Amino acid sequence: MSEEFVKATIQIPIAVGKPNRNGTVFTKEAVENAVSNIPVNMPIIYRDNKSEYDNKVIGATIGKSHVVTWDSENQVYKLTVDGVVFYGGAAIIVNEITDGKISDFSIVSIGLTT
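Reading guide: rules and limits
Residues numbered from 1 in each chain as written. Predicted model: local features only at pLDDT ≥ 70, side-chain atom pairs only at ≥ 80, totals over all residues. Heavy atoms only, no water. Core = buried A, V, L, I, M, F, W, Y, C linked by side-chain atoms within 4.5 Å. Buried < 20%, exposed > 50% of the residue type's maximum accessible area, 1.4 Å probe, protein only. Helix = DSSP H or I, 4+ residues; strand = E, 2+ residues; numbered from the N terminus. Contact = heavy atoms within 4.5 Å. Pairing = 2+ DSSP bridges.

Turning our attention to the nonpolar core. Judged by nonpolar contacts, Ile-14, Val-16, Val-31, Val-35, Ile-38, Tyr-77, Leu-79 and Val-81 together constitute the single largest core of 8 residues. Of all elements in the fold, only helix H1 (28-36) and strand E4 (76-85) reach the threshold of two or more residues within this core. Tallying contributions element by element places E4 first for this core, with 3 residues. In this view, Val-16 contacts Phe-26, Thr-27, Lys-28, Val-31, Trp-70, Gln-75 and Tyr-77; residues no more than four positions away in its chain are not counted.

We now examine the pairing of E4. Extensive coverage of E4 is indicated by the burial of 8 of its 10 residues. Relative to E4, strand E1 (residues 6-15) is paired through 10 bridges, and the arrangement is antiparallel. The residue bridging Ala-8 from the neighbouring strand is Gly-83, located in E4.

Following this line, the structure appears as structure tokens:
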């Protein structure tokens, strides 16, 4: 159930001076430079980690704005971007139909599909 693209806010932590989950270490200056040059309307990609060639665009960031905050206690930047996901919505159970229209339903999950 979705009339429009699903709106999403994505927050990506970027550790500084210590290895991330991939073992990569970033300097604070490198992160600051990268986030200051983020392009507009980047693709949101689904990637199956079993195949580096299995990338599928499932959405896009929207607008020019993104927010970057610095967590000095944990030495982590938090990049927050708004976007839309092209596939997905709410899964429902129809409880009642009146005059050919759903008059009562329950939302049972939120899903993203590819």
